[in-house]
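# Structure at a glance
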2 protein chains.
Amino acid sequence: MTNIREIARLAGVSTATVSRVINDHPYVNEEKRQKVLEIIRRLDYVPNSSATSLKKGMTRIVGVVSGAYTTSSTPFIQAFNIIAQQHGFHVMLFLTDNDCGKELVALEMLRSKQLDALVCLHRANEWPIIESYTKYGPIVTWQRLVNDLIPSVFMDQYQGYMLGLEHLHARGYRRIMNVYSSKGLNTPQRMRAYDDFSKKYWLDDSGFADLHGKVSITDGERIARSWVEQTDKPDAIACSNDDVAAGLLTELKRAGVSVPGEVAILGFDNNNLARLLDLTTVHYPSDKQAENAFAILLDRLGQEAPALHTLEFELIERSST
Amino acid sequence: MTNIREIARLAGVSTATVSRVINDHPYVNEEKRQKVLEIIRRLDYVPNSSATSLKKGMTRIVGVVSGAYTTSSTPFIQAFNIIAQQHGFHVMLFLTDNDCGKELVALEMLRSKQLDALVCLHRANEWPIIESYTKYGPIVTWQRLVNDLIPSVFMDQYQGYMLGLEHLHARGYRRIMNVYSSKGLNTPQRMRAYDDFSKKYWLDDSGFADLHGKVSITDGERIARSWVEQTDKPDAIACSNDDVAAGLLTELKRAGVSVPGEVAILGFDNNNLARLLDLTTVHYPSDKQAENAFAILLDRLGQEAPALHTLEFELIERSST
DNA sequence: TTGTACGCGTTATCAA
DNA sequence: TTGATAACGCGTACAA
């Protein structure tokens with residue numbers, strides 16, 4: 001193992017001088033600098049990063065905790081990875097499968113200083129537990145509003161959902177069924193939006209039982225099959241996300257149902273699937289949220305951070321409504 | 001910062017004893033062990049992992065280099081991440097966007113011992129350059145056969161493609177168009193398969209110009225539009241992957257073309273999209289390849305490694321053929 | 001402009 | 001069974 005002392009010895013200087021050369025510090029005689037650089041090249045030397053981390057007290061590694069790869073988490077992870085790399089940070093990925101123990105592994109690595117910071121897309125442990133780890137390094141979350149201890153790049157989905165509902169109304173749909181997911185704060189916000197929406201337009205309670213806990217393509221397919229058998233049918237379905245909408249759309253088409261002729265479908269997120277299937281949807285700027293998450297972490301680490309994006313939902317009109 | 005010396009002082013023992021307790025070494029008096037454990041708990045102490053890495057000479061971090069998140073790379077990355085975590089390793093993800101410089105960052109981290117090993121899903125730099133890094137740690141690749149220096153979990157796609165072609169033939173299709181991707185060894189292998197296939201069944205050269213360099217959904221959509229305008233049409237299209245097949249299928253349906261009535265579509269990979277759209281495809285076991293990749297790395301690191309899976313293609317018959 | 005020497009926090013050898 | 005101490009490799013006061 002060739003180390004800094006070896007280089008110093010061969011170059012006929014001290015380790016301090018070698019270190020100065022490596023880190024581009026001033027006050028090094030040009031000749032000696034060249035000599036050192038030559039030895040470094042000749043011995044194929046590179047500083048050991050564990051030693052540097054130990055000395056500097058940071059690793060420049062940020063952990064990303066996610067339950068799994070989903071069509072919604074992937075764009076976030078990708079964007080986060082890219083911006084982190086641009087700032088000389090690296091990303092360690094933790095797929096927890098929503099298991100408390102696996103999530104704890106990531107938190108413990110923050111504690112043991114293998115990680116400088118953490119971003120939690122989802123969480124398995126209770127908030128107080130996660131909060132208790134903020135004393136070891138900054139933690140940012142996605143999609144959840146917490147408190148001062150844990151900042152968030154959360155967006156209130158009231159506004160986004162309302163955008164979609166207003167669009168459905170403008171297109172003439174009046175018998176709207178809501179398909180919600182189950183987790184966290186998003187659903188209450190969306191329900192509130194629908195509540196205000198139906199009051200605003202004097203829509204009497206349509207009588208469709210809203211669905212809950214639907215998040216996957218197969219969920220959407222099941223909803224399609226029950227729609228076909230329903231006697232009193234909604235004329236539009238607002239989905240919890242694009243996956244549900246995609247499953248719904250494709251299964252309806254398989255059954256020969258015309259979309260949007262017989263029923264309109266509204267997605268949420270604007271992921272690849274929505275683009276492929278030409279689904280009308282609400283764009284959820286997860287890439288910008290990821291960049292904000294990183295900026296917040298950088299700031300809390302005391303480094304120069306880029307400015308935050310303002311986050312906005314956007315209606316993407318396509319052919320499913 | 002509370003460190004091992006602090007613990008030793010408060011427990012009235014030496015750092016050696018504390019270290020023994022932490023690492024479950026034998027020969028430590030039970031009373032002292034309890035005392036040490038109590039102090040550790042009280043001070044919320046945890047060993048600094050940079051120091052441990054420095055001392056041990058390894059970080060238990062494995063790098064994963066991928067051009068981007070694609071529908072084919074994501075399952076691999078996910079499976080690799082999970083198996084690595086099961087073995088107490090962690091994964092650092094590098095999205096290179098096929099940029100040599102960004103890829104070099106990962107290789108350099110192997111050199112500087114921040115990474116114990118590397119798996120390359122794609123590569124931007126020339127092979128000799130990548131090979132030159134194997135002296136710093138094991139490197140495994142996906143989808144490319146290289147040499148002893150760089151083992152691979154590559155699968156010869158001749159067999160898989162032939163599986164698909166035989167299926168098309170059995171279903172009665174005779175006028176097959178091939179849509180190839182461009183990169184690497186896969187295309188030549190598939191072309192060889194088609195060559196043998198057409199000889200076996202005395203298919204005269206169909207006269208369809210095979211397409212090359214098609215890999216995305218939008219590529220598939222473009223192919224659909226040109227199929228519609230073509231006068232001499234193939235009755236089946238074998239695609240480079242499921243994304244192309246998906247774009248092709250959806251755009252054809254939009255144009256009112258019946259699939260498989262007017263034309264059959266064969267995908268490759270068996271990803272989520274293929275399941276959603278009910279595409280006939282060839283299953284490519286990327287999760288098993290990922291687990292093999294990790295096993296090979298583990299073995300090269302001199303650790304006990306799980307047995308390798310045997311890798312097999314499988315035809316998934318669905319409604320597009 | 002340069003070098004000495006110490007500290008970062010841990011593990012492990014060796015002698016007791 | 002225990003402790004003193006030497007690494008691991010780097011960065012940087014401080015003194016020169």
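Residues numbered from 1 in each chain as written. Chains lettered and ligands numbered in written order. Predicted model: local features only at pLDDT ≥ 70, side-chain atom pairs only at ≥ 80, totals over all residues. Heavy atoms only, no water.

## Overview of the environment of Glu304(A)
When you line up the elements, Glu304(A) lands in the loop between helix H13 (286-300) and strand S9 (314-316). With a relative accessible area of 73%, Glu304(A) lands in the exposed category. (Helix = DSSP H or I, 4+ residues; strand = E, 2+ residues; numbered from the N terminus. Buried < 20%, exposed > 50% of the residue type's maximum accessible area, 1.4 Å probe, protein only.)

## Quick notes on the domain arrangement of chain A
In terms of domains, chain A is made up of domain 1 (4-55), domain 2 (60-155 + 286-311) and domain 3 (157-283). The C-alpha-based centres of domain 1 of chain A and domain 3 of chain A are spaced at 63 Å. (Domains from an automatic or database assignment.)

## Observations concerning the pattern of salt bridges
When charged atoms on two side chains of opposite charge get close, those side chains can pair. Scanning the entire structure with this criterion turns up 26 salt bridges over all chains. Here Glu317(A) ties to Arg171(A) by a salt bridge, and the two come within 2.8 Å at their closest N and O atoms. With Glu317(A) in the segment after S9 and Arg171(A) in the loop between helix H8 (157-170) and strand S5 (176-178), the pair connects residues that are 146 residues apart, well separated along the chain. For Glu317(A), a relative accessible area of 48% gives the class partly exposed. Since its relative accessible area comes to 43%, Arg171(A) is described here as partly exposed. Through salt bridges with shared partners, one network takes in Asp44(A), Glu108(B) and Arg111(B). (Salt bridge = Lys/Arg side-chain N within 4 Å of Asp/Glu carboxyl O.)

## Re the pairing of strand S3 (residues 117-120) of chain A
Residue and element names in this part refer to chain A. Every second residue of S3 is oriented toward a common face, with Ala-117 and Val-119 on one face and Leu-118 and Cys-120 on the other, all of them buried. One ladder, built from four bridges, connects strand S1 (residues 61-66) with S3; its direction is parallel. If you follow Gly-63 over to S3, its bridge partner there is Leu-118. Strand direction decides the pairing type here: S3 and strand S4 (residues 139-141), joined by three bridges, are parallel. Paired with Cys-120 across the bridge in S4 is Thr-141. (Pairing = 2+ DSSP bridges.)

## Structural notes on the protein's contact with DNA strand D
Residues in close proximity to DNA strand D total 27 residues, the closest being Met1(A), Ile4(A), Tyr45(A), Asn29(B) and Lys55(B). Restricting the count to atoms of DNA strand D within 4 Å of the protein gives a sugar and phosphate share of 62%. Here a phosphate oxygen of DNA strand D sits 2.4 Å away from a polar atom, N or O, in the main chain of Ile4(A). In this structure, Thr15(B) approaches DNA strand D through a side-chain N or O atom, which is 3.4 Å from a base oxygen. Only helix H1 (4-11), helix H2 (15-22) and helix H4 (49-56) of chain A together with helix H2 (15-22) and helix H4 (49-56) of chain B provide two or more residues apiece to the surface near DNA strand D. The element that contributes the greatest number of residues to the surface near DNA strand D is H2(B), accounting for four residues. Residue composition of the surface near DNA strand D, by class: eleven nonpolar, eleven polar and five charged. (Near = heavy atom within 4 Å. Polar contact = N/O pair within 3.5 Å; in protein donor to acceptor, adjacent residues only side chain to side chain. Nonpolar A, V, L, I, M, F, W, Y, C, P; charged D, E, K, R; others polar.)

## A closer look at the UniProt feature "domain: HTH lacI-type" (unreviewed entry) in chain A
UniProt marks residues 2-56 of chain A with the feature "domain: HTH lacI-type" (unreviewed entry), using the numbering shown here. Summarising residues 2-56 of chain A: 69% helix, 0% strand, and an end-to-end C-alpha distance of 21 Å. (UniProt positions renumbered as here; feature names shortened; annotations may be inferred.)

## Brief notes about the relation of the copies chain A and chain B
These two copies of the chain differ by a rotation about an axis and a displacement along the same axis. Least-squares fitting of chain A to chain B yields an RMSD of 0.2 Å, with the transformation described by 0.1 Å of translation along the axis and a rotation of 180 degrees. Considering both components of the superposition, the chain copies are consistent with a two-fold axis. No C-alpha of chain A lies nearer the rotation axis than that of Met92(A), which sits 2.3 Å from it. With an isologous cut-off of 70% or more, the 100% of interface residues of chain A that recur at the interface of chain B puts this contact in the isologous class. (Least-squares fit on C-alpha atoms with pLDDT ≥ 70 in both. Contact = heavy atoms within 4.5 Å.)

## Structural notes on the protein's contact with DNA strand C
The immediate surroundings of DNA strand C are formed by 29 residues, with Tyr27(A), Asn29(A), Lys55(A), Ile4(B) and Tyr45(B) found nearest. Sugar and phosphate atoms form 60% of the subset of DNA strand C atoms that lie within 4 Å of the protein. Contacts to DNA strand C include Asn23(B), whose side-chain N or O atom sits 3.3 Å from a phosphate oxygen. The set of elements that each furnish at least two residues to the surface near DNA strand C consists of H2 and H4 of chain A together with helix H1 (4-11), H2 and H4 of chain B. Residues belonging to the surface near DNA strand C are distributed by class as follows: 13 nonpolar, eleven polar and five charged.

## A few points about the packing of aromatic side chains
Here a ring pair, both rings aromatic, is described through the centre-centre distance and the interplanar angle of the planes. Inspection of every chain in the model, using the stated rule, returns 25 aromatic pairs over all chains. With centroids separated by 4.7 Å and ring planes inclined at 40 degrees, the aromatic side chains of Phe76(A) and Trp142(A) adopt a geometry described as tilted. Placement of the pair is Phe76(A) in helix H5 (residues 73-86) and Trp142(A) in the loop between S4 and H8, with a sequence separation of 66 residues. Accessibility expressed as a relative area gives 0% for Phe76(A), which makes it buried. Plain terms: the ring middles of Phe89(A) and Phe294(A) are 5.8 Å apart, the flat faces sit at 75 degrees to each other, and that makes the pair edge-to-face. Placement of the pair is Phe89(A) in the loop between H5 and strand S2 (90-95) and Phe294(A) in helix H13, with a sequence separation of 205 residues. By the ring-pair criterion, three or more aromatic residues cluster together here, those being Phe76(A), Phe80(A), Phe89(A), Trp142(A), Phe268(A), Tyr284(A), Phe294(A) and Phe313(A). Above the face of the Trp227(A) ring, Lys233(A) is positioned so that its terminal group lies 4.6 Å from the ring centre. One residue, Arg190(B), lies across the ring of Phe268(B), its end atom 4.0 Å from the ring centre. (Phe/Tyr/Trp six-rings, centres within 6.5 Å; stacked < 30°, edge-to-face > 60°. Lys NZ or Arg CZ within 6 Å of the ring centre and 35° of its normal.)

## Some thoughts on the state of the cysteines
What is meant by a disulfide is a covalent connection between two cysteines, made through their sulfur atoms. Residue and element names in this part refer to chain A. Counting across every chain of the model gives zero disulfides over all chains. No disulfide involves Cys-100; its sulfur sits 12 Å from that of Cys-120, the nearest cysteine. Given a relative accessible area of 36%, Cys-100 falls into the partly exposed group. (Disulfide = S-S within 2.5 Å.)

## Here we look at the interface of chain A and chain B
Across the contact, 46 residues belong to chain A and 46 residues belong to chain B. Carbon and sulfur atoms make up 58% of the surface buried where chain A meets chain B, a total of about 3,800 Å² over both sides. Taken together, the links from chain A to chain B amount to two salt bridges. With a shortest N-O distance of 2.5 Å, Arg111(B) and Asp44(A) are connected by a salt bridge. Summed over the shared surface of chain A and chain B, the result is 16 residue pairs in polar contact (both at pLDDT 80 or more). (Buried area = accessible area lost by both parts, 1.4 Å probe.)

## Overview of the packing of H5(A) against H13(A)
Residues and elements named next belong to chain A. For the pair H5 and H13, interaxial distance at closest approach is 8 Å and the crossing angle is 45 degrees. The angle between H5 and H13 places the two elements in the oblique class. Seen along the crossing, H5 lies across H13 with a hand that is right-handed. Of the residues in H13, those touching H5 at Pro-75, Phe-76, Ala-79, Phe-80, Ile-83 and Ala-84 are Ser-286, Asp-287, Gln-289, Ala-290, Glu-291, Ala-293, Phe-294 and Leu-297. Counted by class, the contact of H5 with H13 contains ten nonpolar, two polar and two charged residues. (Axes fitted to C-alpha atoms, helices over the stretch in contact; angles between N-to-C directions. Parallel < 35°, antiparallel > 145°, perpendicular 65-115°, else oblique. Left-handed = near helix turned anticlockwise from the far one by under 90°.)

## A word on helix H9 (residues 186-200) of chain B
Residues and elements named next belong to chain B. A rise of 1.5 Å per residue sets the reference length of H9, with its 15 residues, at 21 Å; its end C-alpha atoms lie 21 Å apart and thus fit the reference within 8%. Those residues of H9 that sit buried are Asn-186, Thr-187, Gln-189, Arg-190, Ala-193, Tyr-194, Phe-197 and Ser-198. Buried residues of H9, viewed axially, fall in a sector of 165 degrees; they line one side. Where H9 is buried, its residues meet helix H8 (157-170) and strand S5 (176-178). Among the residues trailing H9, Trp-202 stands out with phi positive, at a value near 50 degrees. (Expected span 1.5 Å × (residues − 1). Arc of directions from axis to C-beta.)

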